[in-house]
Amino acid sequence: MKLLIKGARILDPSQNLDLEGDLLIEDGLIRTIDRKIPAEAATEVVSARGLWLVPGLIDMHVHLREPGEEWKEDIESGTRAAAAGGFTAVACMPNTKPPNDSPEVTRYILDRAREVALTRVYPVACISKGQKGENLAPFGELKEAGAVAVSDDGRPVADSGLMRMALEYARSFDLPVISHTEDPGLSAGGQINEGMVAARLGLKGIPAEAEAVAIFREVALAGLVGYPIHIAHVSTALGVEIIRRAKESGLPVTAETAPHYFTLTEEAVLEYNTNAKVNPPLRTAKDREAIRQALAEGVIDAIATDHAPHGPLEKKVEFPAAAFGLIGLETAVPLTLNLVREGLLSPLRMVELLATSPARILKVPGGTLKPGSPADITLIDPEETWVVTEENLHSRSKNSPFLGWEMKGRTVMTMVEGRIVWRS
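Just so it is clear, the model here is predicted, and its values are computed rather than measured. (Residues numbered from 1 in each chain as written. Predicted model: local features only at pLDDT ≥ 70, side-chain atom pairs only at ≥ 80, totals over all residues. Heavy atoms only, no water.)

So what's going on with the packing of helix α12 (residues 332–341) against helix α13 (residues 347–362)? Residues and values would help.
The interhelical angle for the contact between α12 and α13, taken along N-to-C directions, is 145°, at an axis separation of 9 Å. The way α12 lies across α13 gives a crossing that is right-handed. For the pair α12 and α13, the contacting residues are Val333, Thr336, Leu337 and Val340 in the first and Pro347, Met350 and Leu354 in the second. Grouping the constituent residues of the contact of α12 with α13 by class yields six nonpolar, one polar and no charged. (Axes fitted to C-alpha atoms, helices over the stretch in contact; angles between N-to-C directions. Helix = DSSP H or I, 4+ residues; strand = E, 2+ residues; numbered from the N terminus. Left-handed = near helix turned anticlockwise from the far one by under 90°. Contact = heavy atoms within 4.5 Å. Nonpolar A, V, L, I, M, F, W, Y, C, P; charged D, E, K, R; others polar.)

Hey, could you go over the sheet that holds strand β8 (residues 120–125) for me, with residue numbers and the actual values?
Spatial ordering of the open sheet is given by β6-β7-β8-β9-β10-β13-β14-β15, a layout of eight strands whose pairing is parallel. Each edge of the sheet is formed by a strand with only one pairing partner; in this case those strands are β6 (57–62) and β15 (302–303). Judged from the two bridges that link them, strand β10 (residues 177–179) and strand β13 (residues 229–231) form a sheet pairing that is parallel. When the bridges of β13 are listed, isoleucine 178 appears paired with histidine 230. Of the strands in this sheet, β10 and β13 are in contact with helix α4 (residues 160–173), which crosses β10 at around 155°. Here helix α7 (residues 208–225) sits on the sheet in contact with β10, β13 and β14 (253–257), set at roughly 165° to β13. (Pairing = 2+ DSSP bridges.)

Help me get a handle on helix α10 (residues 285–297), residues and values and all.
For α10, spanning 13 residues, the distance from its first C-alpha to its last is 18 Å, which sits close to the expected 18 Å at 1.5 Å a residue. Residues Asp287, Ala290, Ile291, Arg292, Ala294 and Leu295 constitute the buried set of α10. Of the surrounding secondary structure, the elements contacted by the buried residues of α10 are α8 (237–248), β14, α9 (259–263), β15, α12 and α13. Positioned one or two residues after α10, glycine 298 has a phi angle of 90°, which is positive. (Expected span 1.5 Å × (residues − 1). Buried < 20%, exposed > 50% of the residue type's maximum accessible area, 1.4 Å probe, protein only.)

Can you explain the pattern of salt bridges? Please cite residues and give values.
Applying the stated criterion across every chain, the model contains 27 salt bridges. Linking aspartate 74 and arginine 396 is a salt bridge whose minimum nitrogen-to-oxygen distance equals 2.9 Å. With aspartate 74 in the loop between β6 and α1 (75–85) and arginine 396 in the loop between β16 (377–387) and β17 (406–416), this residue pair connects regions lying 322 residues apart in the sequence. Residues arginine 292 and glutamate 342 are paired through a salt bridge, measuring 2.6 Å at the closest nitrogen-oxygen approach. With arginine 292 in helix α10 and glutamate 342 in the loop between α12 and α13, this residue pair connects regions lying 50 residues apart in the sequence. Residue classification places glutamate 342 among the partly exposed residues on the basis of a relative accessible area of 47%. (Salt bridge = Lys/Arg side-chain N within 4 Å of Asp/Glu carboxyl O.)

Give a description of unusual backbone geometry that names residues and reports values.
Glutamate 66 connects to proline 67 through a cis peptide bond whose omega is 10°. Mapped onto the elements of the fold, proline 67 is located in the loop between β6 and α1. Phi is positive for arginine 65, which is not a glycine, with a value near 70°. Along the chain, the position of arginine 65 falls in the loop between β6 and α1. Among the residues examined, arginine 65 registers a relative accessible area of 7% and is labelled buried.

Below, the structure is given as structure tokens:
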């Protein structure tokens, strides 16, 4: 089968490509990109006038909750939400029940993905056994089973010696290391950002320094070992400044942030809104601006959603008892498009943050439209407006702080290896 997509704005940072034209898919691979390809060259033609055609988006930080908490999300519902959001691949964090600290759990995730997933699924395994921060997980066996990276996401690795060993061990297996940067001595018992809003609500705060101290340790260890560290969900101006200086010094560090950190501030939790309770917490307007500038300047390398589904039992409770986390797969594209409309990001930079860089950091296929590459493709209508409601979200959980928001921009088609897995 030959599928021709005609008249799209084709954006591919890996080729520095921004042109209006056509793309031909054959046998699941991208065959040709040109300004005009005759319709006779294909067995099916899709008109994409007014749409952006980009490499399939890759979310390098999601929680699919399977195994163990399938009432919140599972691999089928999570990848359905991913496809609806324009993601052709997701990297799932290891804090499942049981945690992904053994090759058996890694293989289970991949077997389930082959059965039910709409997108590619890349398991991220634990740094430490049981995420307890005491002993390293078997990195070699985990990679052989299919893990693409290691992280104790959801919990920081508090022991600096163990984190050094993790980087040395990961280097032996060429496994990316993703760090949840949080100093538990500073964050213990915290609910939201430490500041005026926390004081007003009578809640214990988490200072920005809880993130900054941990980021400083990680970049120092990366320099000591000579192996890259990837910093997850950066939320603070202090953290951005440490990463900036580390990069200027030549230290091997990459970083991601999430749409909620460049869109919302701590004021979103006023009225005790548990859907806006996340870890790290939403910060100040100054922090939000620093994150936005870091994305524009290249200090932060990728945008990832940290999609963290929770049901009513975890969210519709008193604020201190509520779980941390929000869902974000289906709102990432329009929220990032806001930065394009404001002139902070070019369209090519947006695609780099959401597709090309995640593929590079995780060392997985994708993030490109080069001929011969798998046809993992996202079609985006940058002008379509829609309102976020529980009914039109495909995630099993509905814990979004953007419920009721009008969004501009939406994925209209998602393709994996030339197969249409989502169409609006």
